[in-house]
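Structure assessment
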Amino acid sequence: MVGIIMGSTSDMPVMQAAIDILKQFNIDTEVDIVSAHRTPDKLFDYGKNAHERGIQVIIAGAGGAAHLPGMIASLSPLPVIGVPVKSRNSIDGWDSVLSILQMPGGVPVATVALDGAQNAGILAAQILGASNESIRNKILQYKDELKQKVIDGAAEVKK
């Protein structure tokens, strides 16, 4: 199962892409709002206990100062994928990108592109697929479909 958390409901339009791609791979998700700044007790509980609820990978989306992914990574033994979200109070999203990307040694957070929740979902699936043949086969099929779209597009352009 993949835990998908975000700092506020305003992040949901971006984070929906992770939920959608994981559904496509038939991977269960648990979705919640966990604010690093407004609900610190919930953040600590989530980070320390997610693995006990069967979560295997956490995707954490956050805008602005974007402390959520790093704080979760500091508390959890699970891999954390950070999604920088370009929010209305953001500095073109760079504050979010750098807050998630520039983690200190010992607290890794895999970071995808600004608003890159779809890639976060794919990366979570690939992490799970490393030890789950069924998920790995779905990822291989997905990549074949991507390849075929490019081939079809190239053929269409040549017409």
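This is a predicted model, so every value here is computed, not measured. (Residues numbered from 1 in each chain as written. Predicted model: local features only at pLDDT ≥ 70, side-chain atom pairs only at ≥ 80, totals over all residues. Heavy atoms only, no water.)

1. Observations regarding the side chain of D11
The line we're drawing: Counting from the N terminus, the helices are the DSSP runs of H or I reaching at least four residues and the strands are the DSSP runs of E reaching at least two. Using a 1.4 Å probe on the protein chains alone, a residue whose accessible area is under 20% of its type maximum counts as buried, one over 50% counts as exposed, and one in between counts as partly exposed. Positive charges are assigned to Lys and Arg, negative charges to Asp and Glu, while His and the chain termini are left out of the count. Salt bridge, as used here: a side-chain nitrogen of Lys or Arg that lies within 4 Å of a carboxyl oxygen of Asp or Glu. The criterion used for residue contact is that any of the two residues' heavy atoms lie within 4.5 Å.
If you trace the backbone, D11 turns up in the loop between β1 (2-6) and α1 (12-24). One buried charged side chain, D11, makes no salt bridge at all; its nearest oppositely charged neighbour is R38, positioned 6.7 Å away. If we skip the residues at most four places from it in the chain, D11 touches M6, G61, A62, G63 and V85.

2. Quick word on the pairing of strand β2 (residues 29-33)
For clarity, the cut-off: DSSP-based pairing: two strands are paired if at least 2 bridges between them are found. Throughout, right-handed denotes a crossover for which the path from the first strand over the helix to the second runs clockwise when the strands point away from the viewer.
Pairing of β1 with β2 involves five bridges; the strand directions are parallel. For V2, the partnering residue across the bridge sits in β2 and is T29. The parallel pair β1 and β2, bridged by α1, forms a crossover whose chirality is right-handed.

3. Brief notes about the packing of helix α2 (residues 40-49) against helix α3 (residues 68-75)
The relative placement of two packed helices is expressed as an angle between their axes plus a distance between the axes. Stated precisely, the cut-off is as follows: Angles run from 0 to 180 degrees between N-to-C directions of axes, and those axes are lines fitted to C-alpha atoms, restricted for helices to the stretch in contact. Each angle is binned into one of four classes, with values under 35 degrees roughly parallel, values over 145 roughly antiparallel, values of 65 to 115 roughly perpendicular, and all other values oblique. If you view the pair so one helix is near and one far, a crossing is left-handed when the near helix is turned anticlockwise from the far one by less than a right angle, and right-handed when it is turned clockwise.
Orientation of α2 relative to α3, taken along the N-to-C sense of each, is 50 degrees, at an axis distance of 8 Å. As summarised for this structure, α2 and α3 are arranged oblique, according to the angle between their axes. In this structure, α2 meets α3 at a crossing whose hand is right-handed. Between α2 and α3, the contacting residues are L43, F44, Y46, G47 and K48 on the first element and L68, M71, I72 and L75 on the second.

4. A word on the packing of aromatic side chains
Each aromatic ring pair is summarised here by two numbers: the centre-to-centre distance and the angle between the ring planes. This is how it is decided: Each Phe, Tyr or Trp ring, with Trp reduced to its six-membered ring, pairs with another whose centre is within 6.5 Å; inter-plane angles below 30 degrees give stacked pairs, above 60 give edge-to-face pairs, and intermediate values give tilted ones. Any Lys NZ or Arg CZ that is within 6 Å of a ring centre and within 35 degrees of that ring's normal is treated as a charge sitting over the ring.
Overall, the coordinates contain one aromatic pair when judged by the stated rule. Look at F25 and Y142: their rings are 5.5 Å apart centre to centre, the planes differ by 80 degrees, and that puts the pair in the edge-to-face class. One end of the pair, F25, is in the loop between α1 and β2; the other, Y142, is in helix α6 (residues 133-158), and 117 residues separate them in sequence. A residue is classified by how much of its surface remains accessible, and Y142, at 11% relative accessible area, is buried. The side chain of R53 reaches across the aromatic face of Y46, ending 5.0 Å from its centre.

5. Details of the nonpolar core
Taken as a class, soluble globular proteins show a tendency for nonpolar side chains to be buried jointly. Under the convention used in this document: Among the buried residues, those of types Ala, Val, Leu, Ile, Met, Phe, Trp, Tyr and Cys that are joined through side-chain atoms within 4.5 Å form a nonpolar core.
In this structure, V2, I4, L22, I59 and V83 are the most contacted members of the largest nonpolar core, which totals 26 residues. Beyond its immediate chain neighbours, meaning those up to four positions away, V83 contacts V14, M15, I59, A60, G61, A62, I100, V112, D115, G116, A117 and A120. In terms of nonpolar packing, the next biggest core, distinct from the first, is built from 20 residues, I5, A50, L78 and I100 among them.

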